[in-house]
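The chain contents come next:
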Amino acid sequence: MTDRIELGLKDENAGCACCAVPSNTEASTPTAASSSSEEVLVAGMTCSHCVSSVSEELAAVDGVESVDVDLNAGGISRVTIHSAAPVDPAAVRAAVEEAGYTLATSQA
């Protein structure tokens, strides 16, 4: 097992996202002044399909740029909504409910 397979990654910036070095860090780093992040808690998600459903509905809300989900299967999951400006809370609630889940209140 001494044979190596050439993957064709000749450029030092080529590779997967976890080990590639960005060639222009200014372009790859979002500016804090032009973006907003909001966290909501969602109850009832148990799997990647649940995450996909909630992410898809939230991404369709006006102004939402991306959605990150920290899944806590069967518990309360933390959903981070990234947008250029704050998103209407009623629209967030409606999107989560359209996906079949409910917003949870903080347990703290």
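Placed above this text is the structure.
Residues numbered from 1 in each chain as written. Predicted model: local features only at pLDDT ≥ 70, side-chain atom pairs only at ≥ 80, totals over all residues. Heavy atoms only, no water.

Enquirer: Can you tell me about the overall build of the chain, naming the residues and giving the values?
Expert: Summing up its helical and strand segments, the chain has three helices and four strands in all. Along the chain direction, N to C, the helices and strands of the chain fall in the order α-β-α-β-β-α-β. Looking at the chain residue by residue over its 108 residues, the buried ones come to 24%. Sequence separation of 24 or more characterises 63% of the internal contacts of the chain that already satisfy a separation of 6 or more. For the chain, the accessible area works out to roughly 7600 Å², and carbon and sulfur atoms hold 51% of it. (Helix = DSSP H or I, 4+ residues; strand = E, 2+ residues; numbered from the N terminus. Buried < 20%, exposed > 50% of the residue type's maximum accessible area, 1.4 Å probe, protein only. Contact = heavy atoms within 4.5 Å. Areas by Shrake-Rupley, 256 points an atom, 1.4 Å probe, with all protein chains shown as cover.)

Enquirer: Give me the lowdown on the environment of Ala91, citing residues and values where you can.
Expert: The topology assignment puts Ala91 in helix 3 (residues 89-98). The spatial distance from the C-alpha of Ala91 to the C-alpha of Val61 is 6.7 Å, given a sequence separation of 30 residues.

Enquirer: Describe in detail the side chain of Ser83, supporting the description with residues and values.
Expert: Relative to the helices and strands, Ser83 resides in strand 3 (residues 76-83). Reaching out from Ser83, the side chain makes a polar contact with the backbone oxygen of Ala85 at a distance of 2.5 Å. (Polar contact = N/O pair within 3.5 Å; in protein donor to acceptor, adjacent residues only side chain to side chain.)

Enquirer: So, the pattern of salt bridges: which residues are in play, and what are the values?
Expert: Side chains that differ in sign of charge can pair as their charged atoms come close. According to the stated counting rule, one finds one salt bridge in the structure shown. In this structure, the salt-bridge partner of Arg78 is Glu39, at a minimum N-O distance of 3.1 Å. Note that Arg78 is positioned in strand 3 and Glu39 in strand 1 (residues 36-43), a separation of 39 residues in sequence. (Salt bridge = Lys/Arg side-chain N within 4 Å of Asp/Glu carboxyl O.)

Enquirer: Account for the side chain of Ser55, naming residues and giving values.
Expert: Along the chain, Ser55 turns up in helix 2 (residues 48-59). A relative accessible area of 17% places Ser55 in the buried class. Among the polar contacts made by the side chain of Ser55, one reaches the main-chain carbonyl oxygen of Val51 at a distance of 2.8 Å. In this structure, Ser55 is in contact with Val67 and Val69, ignoring residues within four places of it in sequence.

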